[in-house]
Amino acid sequence: MSRKLHKINQYRRKNKNLIAANKIKPKEWGISNTEAQVTLKAKGYDVKEIKKIHCLKHQICISFWDTKGNVCSSFFSYRIFLRWQQEIENLIYACEIFKEWQRLNYLMKYEFAYYHYPSEIEEGLQAKLENRLTVLKNTELQAVFT
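Residues numbered from 1 in each chain as written. Predicted model: local features only at pLDDT ≥ 70, side-chain atom pairs only at ≥ 80, totals over all residues. Heavy atoms only, no water.

*Asks:* Would you mind showing me how to read the overall build of the protein here?
*Replies:* The secondary structure content of the protein amounts to four helices and three strands. For the protein, the N- to C-terminal ordering of α and β elements is α-β-β-β-α-α-α. A total of 146 residues make up the protein; the buried ones form 32% of that total. For the protein, contacts bridging at least 24 residues in sequence account for 51% of all contacts bridging at least 6. For the protein, the exposed area adds up to about 10,400 Å²; of that, 50% sits on carbon and sulfur atoms. (Helix = DSSP H or I, 4+ residues; strand = E, 2+ residues; numbered from the N terminus. Buried < 20%, exposed > 50% of the residue type's maximum accessible area, 1.4 Å probe, protein only. Contact = heavy atoms within 4.5 Å. Areas by Shrake-Rupley, 256 points an atom, 1.4 Å probe, with all protein chains shown as cover.)

*Asks:* Would you mind showing me how to read the pairing of strand β1 (residues 47-55) here?
*Replies:* Two faces belong to every sheet, and in a regular strand the side chains alternate between them. Examined bridge by bridge, β1 and strand β2 (residues 59-66) share seven bridges and lie antiparallel to one another. Bridge pairing links Glu49 to Trp65 in β2. Connecting β1 to the next strand, β2, in antiparallel fashion are three residues. (Pairing = 2+ DSSP bridges.)

*Asks:* Help me understand helix α2 (residues 82-94), please; the structure alone is not making it clear to me.
*Replies:* Since the α-helix packs 3.6 residues into each turn, any two residues three or four apart lie on the same face. Taking 1.5 Å per residue, 13 residues should reach 18 Å; α2 reaches 19 Å between its end C-alpha atoms and fits that length. Of all the residues in α2, the buried ones are Trp84, Ile88, Glu89, Leu91 and Ile92. The buried residues of α2 occupy one face: seen down the axis, they fall within an arc of 155°. (Expected span 1.5 Å × (residues − 1). Arc of directions from axis to C-beta.)

*Asks:* Help me out: how do you make sense of the side chain of Arg79 in this one?
*Replies:* Inspection of the secondary structure assignment puts Arg79 in the loop between β3 (71-77) and α2. Classification of Arg79 by relative accessible area gives buried; the value is 14%. A polar contact of 2.8 Å, which involves the side chain of Arg79, links it to the side chain of Glu111. Among all residues touching Arg79, those that are not within four sequence positions of it are Asn17, Trp84, Glu111, Tyr115 and Tyr117. (Polar contact = N/O pair within 3.5 Å; in protein donor to acceptor, adjacent residues only side chain to side chain.)

*Asks:* Looking at this structure, how should I read unusual backbone geometry?
*Replies:* For residues other than glycine, phi is negative in most cases, and the peptide bonds are mostly trans. In this structure, Asn22 takes a positive phi of about 60° despite not being glycine. Inspection of the secondary structure assignment puts Asn22 in the segment before α1 (33-42).

*Asks:* Sorry if this is basic, but what is going on with helix α3 (residues 98-114) here?
*Replies:* A rise of 1.5 Å per residue sets the reference length of α3, with its 17 residues, at 24 Å; its end C-alpha atoms lie 24 Å apart and thus fit the reference within 8%. Considered for burial, the residues of α3 that qualify are Trp101, Leu104, Asn105, Leu107, Met108, Tyr110, Glu111 and Phe112.

*Asks:* It is not clear to me how the nonpolar core should be interpreted in this structure. Could you clarify?
*Replies:* Side chains of nonpolar character tend, in soluble globular proteins, to be buried together. One finds Leu18, Ile62, Trp84 and Ile88 to be the most contacted residues of the largest nonpolar core, which totals 31 residues. When contributions to this core are tallied by element, the ones reaching two or more residues are α1, β1, β2, α2, α3 and α4 (119-145). Among the elements that take part in this core, α3 stands out by supplying five residues, more than any other. In this structure Leu18 touches Lys23, Ile24, Trp84, Ile88, Leu91, Leu104, Leu107, Met108 and Glu111, once residues within four positions along its chain are discounted. (Core = buried A, V, L, I, M, F, W, Y, C linked by side-chain atoms within 4.5 Å.)

Here it is as structure tokens:
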């Protein structure tokens, strides 16, 4: 008798965030010590010097000395870096057809629902998505009438 195999990953969401969908590849960024230090200071950490940076697929591990001389190490999301926002903006402007924009919009809805974005960044990215949609609709309308 054959047994019916249970699908373990049946309910697992795949390719829903920008990294899993291979839209953004932060492991290839080569984040510098100064960039990490500026970002951590902006997040409120007392960073004196970066000791080590280890890039993983979905997060980055940063070891640093604080102003008291203690060694601190923690995992951070790539979403805290300014480069993350710039990469998303590049993706938005790279959408040439409506279908690409739809896919990106779907991914961005997931991003905003499941990951913390500061409200001003989220609103700015939403506005850029809507502006790009307007541009795409206008160019498609012009193509139909010519």
